[in-house]
Amino acid sequence: MYKEYKQLNLSQTGKEILEYWKENKIFEKSISNRSASKPYTFYEGPPSANGMPGIHHVMSRSIKDIFCRYKTLKGFQVKRKGGWDTHGLPIELAVEKKLGITKDDIGKKISVEDYNAACRTEVMKYTDVWNDLTEKMGYWVDLNNPYVTYQNEYIETLWWILKEFYNKDLLYKGYTVQPYSPAAGTGLSSHELNQPGTYKMLKDTSIVAQFRLKNNQVHPLIPALFDDEAEDTVILAWTTTPWTLPANCALAVGNQITYVKVKTFNQYTYQPVSVILAKDLIGKYFKKEGENASFQDYKEGDKIIPWNITGEFKGSDLLNLRYHQLMPYVDDENLEKNAFRVISADFVTTEDGTGIVHTASVFGADDFRACRENNVPSVMVTDEKGNEFPLVNKQGKFVDEITDFAGRFVKEEYYSDEERKDPDFRPTDVLIAIKLKEDNKAFDVKKYEHSYPHCWRTDKPILYYPLDSWFIKTTAVKDRMVELNKGINWKPESTGTGRFGNWLENLVDWNLSRSRYWGTPLPIWRSQDGSEECCIGSIEELNNGIKKSVEAGFMDAAFEINDMHRPYVDDVILVSPTGKKMFREADLIDVWFDSGAMPYAQWHFPFENKEEFKNAYPADFIAEGVDQTRGWFFTLHAIAVMLNETSDVIKEINTEIGNKGVAFKNVVSNGLVLDKNGNKMSKRLGNGIDPFDTIEKYSADASRWYMISNAAPWDNLKFNIEGIDEVRRKFFGTLHNTYSFFSLYANIDGFKYQEEEIENSERPEIDRWILSLLNSLSQEVDSYYADFEPTKAARAIQNFVDENLSNWYVRLCRRRFWKGDYSSDKISAYQTLYTCLNTVTKLMSPIAPFFSDRLFLDLNAVTGKELVESVHLADFPVCNESLVDKALEERMALAQDISSMILSLRKKVGINVRQPLGKALIPVLDSTFKDKVDKVKDLILSETNIKEIEYILDTSGIISKKVRPNFKALGPKVGKDMKLVAEKLTNLQQQEIALFEREEKFKIEGSDYTIELQDVEILAEDVPGWQVTSLGRLTVALDITLTDELLQEGISRELVNRIQNLRKELNFEVTDKINVRVENHPYITQAVKNNLLYICAETLAESFVLDNETAKGEKIIIENNEFTILITKA
RNA sequence: AGUCCCAUAGCUCAGCCUGGUUAGAGCACUACACUGAUAAUGUAGGGGUCAGCAGUUCAAAUCUGCUUGGGACUACCA
């Protein structure tokens, strides 16, 4: 017996199937059943286990799951090792919050050891919750042997990778400009900078400085810039941080910006000067009244300063102009040669300032980049050891070399309140402004209020400051990364070429350093003078180093390293080749390096598992949110490309497996899950959706199906809980009903698929049709999955189940299941419907793993046709081309259209379907059309309750035709006369159309155009005198004459209908035979006599008596005629 | 601020790459029908300035540019 269900409960089904999977180890079998020689590799992007999972995790993990399950069905062995991302700032912050401490307390109130121990505990706090979600949502991933980024083995692989880079000079120490808080003495991450309240309004002294051009240089613009040797021509540049002016090393212009040279006077010194600034900004510095005013009449102190434009240039013309250093405290040969010149930069605008940006390479991130790109050296001081330092020290004070301001804080906020209250106190910026004014180097000085970031701990403004950091020289392999990216299949493509491609094009070196505690330590040891250093690539190497150190007497012999985190590794002192002590560089590395290295580290490669690694490299498929583009996707790619360049082991393996050096071949980047109004879900708004509630209430299957079918993965999903319910009703409900229908009758007839498979050619048209569609569907769904288009797959399956299988096949075939003997037609129907259901379970199983398995198991429990324990162990359906019949699909579509049109006509004239009608008329304009319709005629007739279809031939002359222009064909021919031609054609008279058809061409009056038949479509639009309707090229007319015979048949059907209702009301089994007594009402007498056999057969009546007396039984009404009827079980 | 994505019926989405004159589907709504799939099903109906403006074209939801709104990422700037 096929299992029958009272109603559909997807949530319950999910729980039961989950138990079944566990008991029977289905997941394990889905891997062990497949050959290891056919691997399909998936990498799990490790979630951070320190937060609760949200509904968006169901989304991204559904996508991962779908393709892994699909590939399993396709015969691949798909291992999926789980993983946990365990390092990083969020964990540190969670611990600090929990313990009620700040970073300052680390090493004071709490030891680094205890702190890190707390992190280790914290990070796995939510593991159980995550594992629970993973199971309940049906995500198959190996949770028993996950990789964990804090484990020693994992870290050891990271060290190995870093050493490979180090050996090829791809790891270096350098400066980067970072937000830095002198008051707190620490760099700040962008995360810290984005805390609420860090950006505050600040009033700063802003200066427009005059950078004097050298008049003795060789440059094409010199004649235009200097009228004579005495002329003082300067470039104007604006700054809100005057303290950076001593460090000025370049001026940046925009290539496309227009600049002008303006002759005028300095407002402070009254000296004549020629200034260069952006044309758009003239109005900001010069009064209209002064334009072209007399220079002779100008007197010192005049409010109106005369000016006039004497030249105009593009930014690109100004490039490489050299100027005198503005504040020459620090200078050298290299600077004179390569600095103090005009460069171009893309960030220059004409919105503020002068359109020329003062650039101090070490005090601004943009500046730093622009200078590096243009090979402009930085203005730095050098200590006795030859180390370079910026002009401002780490306390935020000018160094001694800046004689006039030495020892002064660069920001006035760094002075105490008392100092600032002193009436003689002058901020350093103001002192600089005064000096520049005196030196005739300031063009304009003003207070300027702007938003500026502050340190969230000290509340003082931050500086952009160069800090020592370790970098990976990703720029060295940039071209290779760009090149290899082109071979990666991105879904959607635009993310790969756009977001990711652009990112690679603008690649900068990867700043690895993090000044933190809980993370992978940088394995670099340095002597104190920085002259010697080494990079450790394994635990063994470290232990050897420790041994030597013990021998050298630097370390205690009892020292043992068991944990590769801080503080333990910090206690290791190594011996340099010359016998000096080397200490570990205190930095941790970026956590993104942890996750990007997972292809190697998850296997502890190359220390162990070489084979496992080789078999699982690179990934065939990965999937994460689009926010990982510059995160995990990038680090995976970067590390893979660089290892291919640096590591012999990796190169060898890549050569062997034919990998050019990528970490993944296909990548799906999914969009966000928003709330139903399109807002981002957040704790603050309280609009988040709890995945556990959703799964409990609506099931994992419906949730997954909803998310996948509703929008393409890479489009943002507006998550509406009602949508899940719709999916349940629409799709799962329909499928479940179809199965219920099947099981009801299959159980009655004892269909167990024991009979021989009925030859396709022996099956009726409608069976061959649905099987044709089914095979087309298999093919289609297969290619959608293969193309990483799950949404299209889901929609195709859903459309098949709803529209074709349920709404047409089952509806039209109902009689075949309940009527008559267990004939070959009936068996054919069962076999066909069974095959459809069984195939659909496999097609849908990647998306809805629970329900599909239940359906599959229920079907096969009876037939035993498939020898596997789960749909997930089955093979993906293969399209049998010989069963695909496009012509059949086409004519069935025709049947559907014609039926629908006839029903629509019935509706219009108010004759319901139970009343048979004599005939429908269909105009045929070509012979193939008639053949097509003829083959599906019976379906149309029974569906619409019509006796006959009559074809009206063209020659009968009763069809009224219409010409419809084929614009695509006419376009090139008539061009702009289209309107006229189209109107003429549309309004052609019947005789004209006939003429057109006979001659196969038609001349348009009043023009030279001769229209041919292929330029138009001629269709039958009307059959005058009949009820007619049209759809596209189809036209159908209905004969609504009711003969006595038809009327009586109609009455018989009504009678049958009432008897069936009674059977049901009385709760008779569908197989019960009955006896019927009906009051002999004149309305039905003749109808019963004429159609007695029909009525009895339909209602399973063994006897049918028209009784003249009785009034017992139920009262029924047909067309206002009332009479009684009594049915009893026979 | 820059880059990218998105905008079609009350809601969720097709269509756009490759332009063709009546822009589709489902849900919701209304009416009717069906009643041996029945907590199911069918038919019909209303509902759209295809975000706006401009351009290219005989013809634009579709191609181009700009604007507006939403989102993402990057940056935080003299």
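Each remark here, short or long, concerns the structure printed above.
First, a word on what this report is: a plain description of the structure on this page. The structure presented is a predicted model; accordingly, all values stated were derived computationally and were not measured. (Residues numbered from 1 in each chain as written. Chains lettered and ligands numbered in written order. Predicted model: local features only at pLDDT ≥ 70, side-chain atom pairs only at ≥ 80, totals over all residues. Heavy atoms only, no water.)

**Digging into the side chain of Asn440**
Then comes step 1: Positionally, Asn440 belongs in the loop between α15 (428-438) and β15 (442-453).
Then comes step 2: Separated by 3.4 Å, the side chains of Asn440 and Asn266 make a polar contact.
Then comes step 3: Here the side chain of Asn440 touches Thr269 through a polar contact of 2.9 Å, side chain to side chain.
Then comes step 4: When residues no more than four places from it in sequence are discounted, the contact partners of Asn440 are Gln210, Asp232, Asn266, Thr269 and Gln271. (Helix = DSSP H or I, 4+ residues; strand = E, 2+ residues; numbered from the N terminus. Polar contact = N/O pair within 3.5 Å; in protein donor to acceptor, adjacent residues only side chain to side chain. Contact = heavy atoms within 4.5 Å.)

**Details of the sheet that holds strand β22 (residues 573-575)**
Then comes step 1: An order of β21-β20-β23-β22 is seen for the four strands of this open sheet, with the pairing classed as antiparallel. Across the chains shown, the open sheet's two edge strands, defined by having one partner strand only, are β21 (533-535) and β22. Sheet twist, expressed as the average angle between the axes of neighbouring strands with direction ignored, equals 30 degrees.
Then comes step 2: Where β22 and strand β23 (residues 581-584) come together, three bridges link them in antiparallel fashion. Bridge pairing links Leu574 to Met582 in β23.
Then comes step 3: Running over the sheet, helix α7 (residues 152-167) touches β20 (524-527) and β21 and is turned about 130 degrees from β21.
Then comes step 4: In the packing of helix α18 (residues 539-551) onto the sheet, contacts are made with β20, β21 and β22, and the angle to β22 comes to roughly 80 degrees. (Pairing = 2+ DSSP bridges. Axes fitted to C-alpha atoms, helices over the stretch in contact; angles between N-to-C directions.)

**Here we look at the protein's contact with RNA strand B**
Then comes step 1: Close contacts around RNA strand B come from 50 residues, with Trp238, Tyr464, Asn710, Arg914 and Phe967 the closest.
Then comes step 2: Backbone atoms, meaning sugar plus phosphate, form 61% of the atoms of RNA strand B positioned within 4 Å of the protein.
Then comes step 3: Within the side chain of Asn737, an N or O atom sits 3.0 Å from a sugar or linking oxygen of RNA strand B.
Then comes step 4: Asn1061 places a side-chain nitrogen or oxygen 3.0 Å from a sugar or linking oxygen of RNA strand B.
Then comes step 5: When residues of the surface near RNA strand B are traced back to their parent elements, those giving at least two are β6 (233-239), α17 (493-505), α26 (721-749), α28 (790-818), α31 (886-909), α34 (967-974) and α37 (1044-1065).
Then comes step 6: The class makeup of the residues in the surface near RNA strand B is 13 nonpolar, 19 polar and 18 charged. (Near = heavy atom within 4 Å. Nonpolar A, V, L, I, M, F, W, Y, C, P; charged D, E, K, R; others polar.)

**Some thoughts on the pairing of strand β37 (residues 1074-1079)**
Then comes step 1: Here β37 shows one buried face, formed by Ile1074, Val1076 and Val1078, and one open face, formed by Asn1075, Arg1077 and Glu1079.
Then comes step 2: Crossover handedness for the path β37 to helix α38 (residues 1082-1099) to strand β38 (residues 1101-1107): right-handed. (Buried < 20%, exposed > 50% of the residue type's maximum accessible area, 1.4 Å probe, protein only. Right-handed = clockwise from strand over helix to strand, strands pointing away.)

**Brief notes about the pairing of strand β40 (residues 1121-1129)**
Then comes step 1: Where β37 meets β40, five bridges bridge the pair, whose relative direction is antiparallel. For Arg1077, the partnering residue across the bridge sits in β40 and is Leu1126.
Then comes step 2: Here five bridges tie strand β39 (residues 1114-1118) to β40, and the two strands are oriented antiparallel to one another. Bridge pairing in β40 links Lys1115 to Thr1124.
Then comes step 3: Between β39 and β40, which follow one another and run antiparallel, lie two residues, and Glu1119 among them has a positive phi close to 50 degrees.

**Things to note about the sheet that holds strand β26 (residues 664-670)**
Then comes step 1: Pairing within the open sheet is parallel, and its three strands lie in the order β17-β26-β25. Two strands in the sheet have a free side with no partner beyond their single neighbour: β17 (489-491) and β25 (619-625). Ignoring strand direction, the axes of neighbouring strands in this sheet form an average angle of 15 degrees.
Then comes step 2: The sheet contact formed by β25 and β26 spans six bridges and is parallel. Within the sheet, the bridge partner assigned to Ala623 lies in β26 and is Val668.

**Here's the deal with the packing of α34 against helix α35 (residues 978-986)**
Then comes step 1: One can describe the packing of α34 onto α35 by two numbers: an axis separation of 10 Å at closest approach and a directional angle of 130 degrees. With respect to α35, the element α34 is oriented oblique. Relative to α35, α34 is oriented so that their crossing is right-handed. Note on element contacts: α35 touches α34 through Met978, Val981, Ala982 and Leu985, opposite Phe967, Leu970, Gly971 and Val974. (Parallel < 35°, antiparallel > 145°, perpendicular 65-115°, else oblique. Left-handed = near helix turned anticlockwise from the far one by under 90°.)

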